[in-house]
Amino acid sequence: MSDPLAAGWQATDDPGFIGLVGPILHRSCGEHDAYAFTAEPKHANLINIVHGGMLMAFADRAFGRTAWQAAGRSVATIQFDMQFVSGAKMGDFVETRPEVVRRTSTLVFMRGTLKAGERVVANAHGVWKILG
């Protein structure tokens, strides 16, 4: 995507680790936000595609924020799985729209797909513990 901000995406204020690998963008997309990032050289692995750790960190943050929205309070990742389907290339705009599968009184079950355009990059699912 040439100009995500012009397309309605906003940078997520996220200091700490995510601030080092971001920016991660978000925009309203129905009940829950969509999240994205543009693959840059700092995200590359040794074969010049996006490092799997970046994809996992991105999805964990996107899914975690969505779980927090669903729970109405803080959550913590207690289980997270990702299947890498294809490589994300430098310059790709990687997007996910996390889905709440189920919310109980103590847990939020999530799943989602990471895409670069129409190409599936990874599938993920996990469980977040509702805190407090």
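Structure first, text after, so check above.
Note that the structure is a prediction, hence the values are computed from the model and not measured.

### Here we look at the environment of Glu 31
Note on placement: Glu 31 falls in the loop between strand S2 (25–27) and strand S3 (34–38). Owing to a relative accessible area of 70%, Glu 31 belongs among the exposed residues under this scheme. Each C-alpha atom of the pair Glu 31 and Ala 70 lies 9.4 Å from the other, and the pair is 39 residues apart in sequence.

### Looking at the layout of surface pockets
Empty pockets left among the atoms are what a rolling probe the size of a water molecule brings to light. The calculated volume of the largest pocket comes to roughly 220 Å³. Forming the walls of the largest pocket are 10 residues, and the residues nearest its centre are Glu 95, Thr 96, Arg 97, Lys 115 and Gly 117. When the residues that make up the lining of the largest pocket are grouped by side-chain class, the tally is 3 nonpolar, 3 polar and 4 charged.

### Focus on the pattern of salt bridges
Between side chains of opposite charge, a pair can form as their charged atoms come close. If you walk through the whole model with that rule in mind, you get 5 salt bridges. Among the salt bridges present, the one from Arg 119 reaches Asp 92, with a minimum N-O distance of 2.8 Å. Of this pair, Arg 119 sits in strand S8 (residues 119–130) while Asp 92 is found in the loop between strand S4 (75–84) and strand S5 (93–96), placing the two residues 27 residues apart along the sequence. Under the relative-accessibility criterion, Asp 92 is labelled buried at 15%. Note that Glu 99 is salt-bridged to Arg 111, the shortest N-O span being 3.0 Å. Linking Glu 99 in strand S6 (residues 99–103) with Arg 111 in strand S7 (residues 107–116), this pair joins segments that are 12 residues apart in sequence. The class of Glu 99 is partly exposed, set by a relative accessible area of 35%. For Arg 111, a relative accessible area of 42% corresponds to the partly exposed category.

### Things to note about the environment of Lys 115
Take Lys 115: it is sitting in strand S7. In this structure, the C-alpha to C-alpha distance between Lys 115 and Asp 92, residues 23 residues apart in sequence, is 9.2 Å. Setting aside anything within four residues of it in sequence, one finds Lys 115 in contact with Phe 93, Val 94, Glu 95, Val 120 and Val 121.

### Some points on helix H2 (residues 52–71)
Compared with the 28 Å implied by 1.5 Å per residue over 20 residues, the 28 Å span of H2 between its first and last C-alpha is a close match. Backbone geometry just downstream of H2 places Gly 72 in the positive-phi region, at approximately 80 degrees.

What counts, and at which threshold
- Residues numbered from 1 in each chain as written.
- Predicted model: local features only at pLDDT ≥ 70, side-chain atom pairs only at ≥ 80, totals over all residues.
- Heavy atoms only, no water.
- Helix = DSSP H or I, 4+ residues; strand = E, 2+ residues; numbered from the N terminus.
- Buried < 20%, exposed > 50% of the residue type's maximum accessible area, 1.4 Å probe, protein only.
- 1 Å grid on protein atoms, 1.4 Å probe; cavity = no way out; pocket = protein on both sides within 12 Å on 5 of 7 lines; lining within 4 Å.
- Points joined across faces, edges and corners; volume = space filled by probe spheres on them.
- Nonpolar A, V, L, I, M, F, W, Y, C, P; charged D, E, K, R; others polar.
- Salt bridge = Lys/Arg side-chain N within 4 Å of Asp/Glu carboxyl O.
- Contact = heavy atoms within 4.5 Å.
- Expected span 1.5 Å × (residues − 1).

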